[in-house]
Amino acid sequence: VQWPPPMPMSSPLMGKKKKPFLGMAAPLGYVPGLGRGATGFTTRSDIGPARDANDPVDDRHAPPGQRTVGDKMKKNQEDDEEDLNDTNYDEFNGYAGSLFSSGPYEKDDEEADAIYAALDKRMDERRKERRELREKDEIEKYRMERPKIQQQFSDLKRKLSGMSDEEWLSIPEVGDARNKRQRNPRYEKLTPVPDSFFSKHLTTGDKHTTVDPLQGVSNLNLPGGLESPYPGGMTPGLMTPGTGELDMRKIGQARNTLMDMRLSQVSDSVSGQTVVDPKGYLTDLNSMIPTHGGDISDIKKARLLLKSVRETNPHHPPAWIASARLEEVTGKLQVARNLIMKGTEMCPKSEDVWLEAARLQPGDTAKAVVAQAVRHLPGSVRIYIRAAELETDVRAKKRVLRKALENVSKSVRLWKTAVELEEPEDARIMLSRAVECCPTSVELWLALARLETYENARRVLNKARENIPTDRHIWITAAKLEEANGNTQMVEKIVDRAITSLGANGVEINREQWIQDAEECDKAGSVATCQAVIRAVIGIGIEEEDCKHTWMEDAESCVSHGALECARAIYAHALQMFPSKKSVWLRAAYFEKNHGTRESLEALLQRAVAHCPKAEVLWLMGAKSKWLAEDVPAARSILALAFQANPNSEEIWLAAVKLESENNEYERARRLLAKARSSAPTARVFMKSVKLEWVLGNIEAAHELCTEALKHYEDFPKLWMMRGQIEEQSEHNEKAREAYNQGLKKCPHSMSLWLLLSRLEERVGQLTRARSILEKSRLKNPQSPDLWLESVRLEFRAGLKNIANTLMAKALQECPNSGILWAEAVFLEARPQRKTKSVDALKKCEHDPHVLLAVAKLFWSERKITKAREWFLRTVKIEPDLGDAWALFYKFEKQHGTEEQQEEVRKRCENAEPRHGELWCAESKHVLYWQKKIGEILTQVASKIKNTF
């Protein structure tokens, strides 16, 4: 049966409807009970106890005028009242404050203020742009009329950075604005006071600041001067002790002590011989600075403190040493000697005290002190060494050291000092005894091995290995010994055995230390040992994937340290491990090219092309090496082999053509190019074909080849350039212009084509057309420094310097990091502003070769030869491919350098083989100079440079 749900119990409150305002916030300004008259009431507990007007306020630190209740109420009343006086009223702004500030600030007031604020903001924005522009113009106008001091002197302040110390110090001082009395103060005159004045006032206890005018006057009626009564005054002399008497004897003693101390300070502190100049010692005393830092009172305190330490603990050696040194510093050398000798009595077993005593005593006495020290400390090495140092005769030194070795035979230091004094034969005998006494000293074993014969040295080193199985230097010395005696096959075995033996004895093989040892072997001339060590340790502790990178770094490090054989050994090992890596072969080849011989380079390249036959660059390096050695048939055979390995390779075809053309085999070069055009036709092959005919004077053939090439490679800009230049050479300006225009349609981004066309128009006198061509080029190729530079130079050549400067400013805005623009901008400026411009250029392009070259030229123009040379060297180091830098450097050395410096620049230029540079390319690519060598081009370019900067 399903029962109905139970009904809830009825309640009289449940049936009533809930009021809608319950739980809601009260309306604004609602006061509870106000409608029925139940207004709020206040009790005394709400407002605090009743107070009289004269009662003090709670704040104990209230300011005056607010310290009573009445004052406080009066102040509050004044604050509440508004000042509505006419003097406080303004026609536009009204009263200074708000008229209704005393009233309540309600929500509708806040809304009204927000609306007014929005209106003000809106009205302000309507005129904001015009107002800001007007204010900006006014400020700029004001700044132009009245520039700041900082702006006026900005260019002068920049020049301060280049001032030398001498120029800075030579700036005259500013005038003294003080009056005459301040400038020339009258120094206070001091008069020595007689002793009687002090003695009189000591008795009376008076304090006078002036001298009695009757003082010292001998008069029976005037009780002044020496007739004033004082204790002991009737006894003869002033030396009688009295209660208030000044002891003149002590003053004299103090003066003598001070003078004695100063004289002692300028004398030799150990030998006692004076070094005082008898004529000028008084003058020297005035300027002499005491050797001790503190004053006399500090010395007294230190002396007292050290005395206390000595008396408390007389067997403490540092106390005696410190006391002696304090007296030595203050000039009391004899006191210091006495103290330290007493210290030796109290601490006879202290090595430091005896050594200090020997240092302080003069020659013979020091020997006696050391002899006494040896009796007390027969095992002290330092005392024996000091005793040997005190001896002046070599035989006496040997005698002392031999006596020392009888007592202390285990001291390596004594043995080394003794051996250094002996002749080689005696030294060998002593070392054989030394290694018996000190079998763990590696230095003694190695020194003995160096003095022995080959067989004996081998035995010595074997004994050394038995006694010291953990030292690598013995093994390396053994390897060097075998190499020096021609047993190079043993070197490898010894080094391998060394690695195995040291590992078995728990010695960690530190790769860096062994490479450092190999570098030392290299510098000592032990090449085989060096290579064996490198081969043994080069692979230790390196992951397989890091080998190549690490070994290349090691080789470069060895080259930088001058260890070329080490680097050669590292490259050889790397090539064994990576025989097919072209990059390793190239690095090794460049190393041999820079640091090896031609034979070693060619041998390496033969191995390289055997392992990497597809590496064209290795074949070409081998052929070039043969060609430079004037072995043309060998170079041809290398290139023939390269053809077999790399059929139809453009680089090898062109290298073969260059080889034949450079050696005047023009027909063979033509046949090669014809074969290349048929089997491996490329744009470069066609270009070289045109160039060959052009330089040989076959203009018609060159023109036909160029036309044929452009049918296949019309987007290759160099062909269009050559066609235009051939037409220009034939003085067909219209055809040249047509060629350049056609080329620009196909290659609008070729800067050289735009430049050639503009220069053609300029040459025929069409300046306006040249200008428009450059503007058009800049529109098609924005941010192109070369085009901007040509535009600036065009205006400059036309004599329009102002327009050139304006264009340069625009160019630097568009290309702010262009070195060629900044370099040109430096020399567009007048001479006084060039240095400032160069500083700006270096800030923007710190490592740009053109900017560095411009700075070098700037120093050259100012005749600062050393600085100019430094900047030229910096330029060719950063960019050795810039031919202009080499030419300017060579010209500079021609004018200001020696023949050796000129030859060095020439050799470095020939090694660098520069290919770029505006002046350089104008000569090197000229059809008349196509066969000239680097050195000839360098001389030619340098001769055409004029010092117009």
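Everything quoted here is computed from the prediction, not taken from an experiment.

### So, the overall build of the protein chain
Each helix and strand counted, the protein chain has 50 helices and 2 strands in total. When the 949 residues of the protein chain are sorted by exposure, 34% land in the buried category. A total accessible area of about 61,400 Å² is found for the protein chain, and carbon and sulfur atoms account for 53% of it.

### Topic: the nonpolar core
Counting 77 residues, the largest nonpolar core has Trp 514, Ile 534, Trp 551 and Leu 618 as the members making the most contacts within it. In this structure Ile 534 touches Ile 515, Ala 518, Cys 566, Ala 569 and Ile 570, once residues within four positions along its chain are discounted. If you look at the next biggest cluster of nonpolar residues, it comprises 31 residues, including Leu 705, Ile 726, Tyr 740 and Val 927.

### Some words on helix α25 (residues 511–524)
When the terminal C-alpha atoms of α25 are compared, their 20 Å separation across 14 residues agrees well with the 20 Å that a helix rising 1.5 Å per residue should span. Among the residues of α25, those classed as buried are Arg 511, Trp 514, Ile 515, Asp 517, Ala 518, Glu 519, Cys 521 and Asp 522. Looking at the buried residues of α25, the elements they touch are α23 (472–484), α24 (488–504), α26 (527–537), α27 (547–560) and α28 (564–577). With its phi angle positive at about 95 degrees, Gly 525 sits one or two positions after the end of α25.

### Considerations on the pattern of salt bridges
In total, this model carries 26 salt bridges according to the counting rule given. Glu 923 is paired through a salt bridge with Lys 944; the nearest N and O atoms lie 2.9 Å apart. In this pair, Glu 923 is assigned in helix α49 (residues 918–924) and Lys 944 in helix α50 (residues 934–944), connecting sequence segments 21 residues apart. Residues participating in the shared-partner salt-bridge network are Arg 325, Glu 328, Glu 356 and Arg 359.

### Quick word on the packing of aromatic side chains
With the rule as written, the count across this model stands at 8 aromatic pairs. Between the aromatic rings of Phe 859 and Trp 871, the centroid separation amounts to 6.3 Å while the plane-to-plane angle is 35 degrees, which identifies the pairing as tilted. Here the residue Phe 859 occupies a position in helix α45 (residues 849–861), and Trp 871 occupies one in helix α46 (residues 865–878), the gap between them amounting to 12 residues. For Phe 859, a relative accessible area of 13% gives the class buried. Judged by relative accessible area, Trp 871 falls into the buried class, the value being 14%. Residues Trp 860 and Phe 892 carry aromatic rings whose centres are separated by 5.5 Å and whose planes lie at 85 degrees to one another, so their mutual orientation is edge-to-face. Of this pair, Trp 860 sits in helix α45 while Phe 892 sits in helix α47 (residues 883–896), and the two are 32 residues apart along the sequence. Pair check on accessibility: Trp 860 and Phe 892 agree, each one buried. In this structure an aromatic cluster arises from ring pairing among Trp 860, Phe 872, Phe 889 and Phe 892. When the ring centre of Trp 320 is taken as origin, the NZ or CZ atom of Arg 310, which lies over that ring, is 5.6 Å away. Sitting over the ring of Trp 788, Arg 778 keeps its end group 4.2 Å from the ring centre.

### Re unusual backbone geometry
Of note, the phi angle at Glu 731 is positive, near 60 degrees, even though the residue is not glycine. When you line up the elements, Glu 731 lands in the loop between α37 (717–729) and α38 (733–746). According to the relative accessible area criterion, Glu 731 is exposed, its value standing at 68%.

### Considerations on the packing of helix α39 (residues 751–763) against helix α40 (residues 767–780)
Running from N to C, α39 and α40 point in directions that differ by 165 degrees, and their axes come no closer than 8 Å. Classified by the interaxial angle, the pair formed by α39 and α40 is roughly antiparallel. Of the two possible hands of crossing, α39 and α40 adopt the one that is left-handed. Residue-level inspection shows Trp 754, Leu 755, Leu 757, Ser 758, Glu 761 and Glu 762 of α39 in contact with α40, the latter providing Arg 769, Ala 770, Ile 773, Leu 774, Lys 776, Ser 777 and Lys 780.

### What about the packing of helix α33 (residues 650–662) against helix α35 (residues 683–695)?
Working note: a packed helix pair is described by the angle between its axes plus the distance between those axes. Put simply, α33 and α35 touch, their axes get as near as 10 Å, and they point 10 degrees apart. As summarised for this structure, α33 and α35 are arranged roughly parallel, according to the angle between their axes. Crossing angle aside, the handedness with which α33 passes α35 is left-handed. Seen from α33, the contacting residues are Glu 650, Glu 651, Leu 654 and Ser 661; seen from α35, they are Arg 684, Val 685, Lys 688 and Leu 692.

### A few points about the environment of Phe 892
Among the residues examined, Phe 892 registers a relative accessible area of 0% and is labelled buried. Phe 892 has contacts with Trp 860, Ile 865, Ala 868, Arg 869, Phe 872 and Gly 897, leaving out every residue within four places of it along the chain.

### Regarding the side chain of Glu 327
Assignment of secondary structure puts Glu 327 in helix α13 (residues 317–329). By relative accessible area, Glu 327 is classed as buried at 4%. Side-chain polar atoms of Glu 327 contact the side chain of Arg 303, separated by 2.7 Å. If sequence neighbours within four positions are ignored, Glu 327 has contacts with Arg 303, Lys 332, Leu 333, Val 335, Ala 336 and Leu 339.

### Here we look at a positive patch on the surface
There is a patch of like positive charges on the surface, built from Lys 658, Lys 688, Lys 718, Arg 915 and Lys 925. Locating Arg 915 in the fold gives a position in the loop between α48 (899–912) and α49.

### Considerations on the environment of Asp 496
Secondary-structure assignment places Asp 496 in helix α24. Spatially, the C-alpha atom of Asp 496 lies 9.4 Å from that of Val 537, the residues being 41 residues apart in sequence.

### Thoughts on a nonpolar patch on the surface
A contiguous nonpolar surface patch, about 460 Å² in accessible area, is contributed by Leu 160, Trp 168, Leu 169 and Ile 171. Note that Leu 160 resides in the loop between α6 (154–159) and α7 (165–169).

### Looking at helix α32 (residues 632–645)
The terminal C-alpha atoms of α32, which comprises 14 residues, lie 20 Å apart, in line with the 20 Å expected from a rise of 1.5 Å per residue. Restricting attention to buried positions, one finds in α32 the residues Val 632, Ala 634, Ala 635, Ile 638, Leu 639, Ala 642 and Ala 645. The arc enclosing the buried residues of α32, seen along the axis, measures out at 160 degrees, which places them on a common side. Of the exposed residues in α32, the ones pointing more than 90 degrees away from its buried face are Pro 633 and Gln 644. Buried-residue contacts for α32 involve α31 (616–628) and α33.

### What about a negative patch on the surface?
Side chains of Glu 106, Asp 108, Glu 110, Glu 111 and Asp 113 sit close together on the surface and give a patch of like negative charge. Inspection of the secondary structure puts Glu 110 in helix α3 (residues 107–126).

### Structural notes on the side chain of Thr 330
For Thr 330, the location among the structural elements is in the loop between α13 and α14 (333–346). Here Thr 330 falls in the buried class, since its relative accessible area comes to 2%. A polar contact is formed between the side chain of Thr 330 and the backbone oxygen of Glu 327, at a distance of 3.0 Å.

### Observations regarding the confidence of the model for the protein chain
For any part of a model where pLDDT is low, the fine detail of the predicted coordinates should not be relied upon. Residue-level pLDDT values for the protein chain average 76, and 75% of them are 70 or greater. The low-confidence segment residues 211–245 (pLDDT under 50) makes 26 contacts with residues lying over four places distant or belonging to another chain. Contacts of residues 268–279 to residues separated by more than four positions or lying in other chains number 18 contacts, the stretch itself having pLDDT below 50.

Conventions we followed
- Residues numbered from 1 in each chain as written.
- Predicted model: local features only at pLDDT ≥ 70, side-chain atom pairs only at ≥ 80, totals over all residues.
- Heavy atoms only, no water.
- Helix = DSSP H or I, 4+ residues; strand = E, 2+ residues; numbered from the N terminus.
- Buried < 20%, exposed > 50% of the residue type's maximum accessible area, 1.4 Å probe, protein only.
- Areas by Shrake-Rupley, 256 points an atom, 1.4 Å probe, with all protein chains shown as cover.
- Core = buried A, V, L, I, M, F, W, Y, C linked by side-chain atoms within 4.5 Å.
- Contact = heavy atoms within 4.5 Å.
- Expected span 1.5 Å × (residues − 1).
- Salt bridge = Lys/Arg side-chain N within 4 Å of Asp/Glu carboxyl O.
- Phe/Tyr/Trp six-rings, centres within 6.5 Å; stacked < 30°, edge-to-face > 60°.
- Lys NZ or Arg CZ within 6 Å of the ring centre and 35° of its normal.
- Axes fitted to C-alpha atoms, helices over the stretch in contact; angles between N-to-C directions.
- Parallel < 35°, antiparallel > 145°, perpendicular 65-115°, else oblique.
- Left-handed = near helix turned anticlockwise from the far one by under 90°.
- Polar contact = N/O pair within 3.5 Å; in protein donor to acceptor, adjacent residues only side chain to side chain.
- Patch = residues over 30% accessible without salt bridge, like charges linked within 9 Å, V, L, I, M, F, W, Y side chains within 5 Å.
- Lys, Arg positive; Asp, Glu negative; His and termini not counted.
- Charge placed at Lys NZ, Arg CZ, Asp CG, Glu CD.
- Arc of directions from axis to C-beta.
- pLDDT = per-residue confidence, 0-100.

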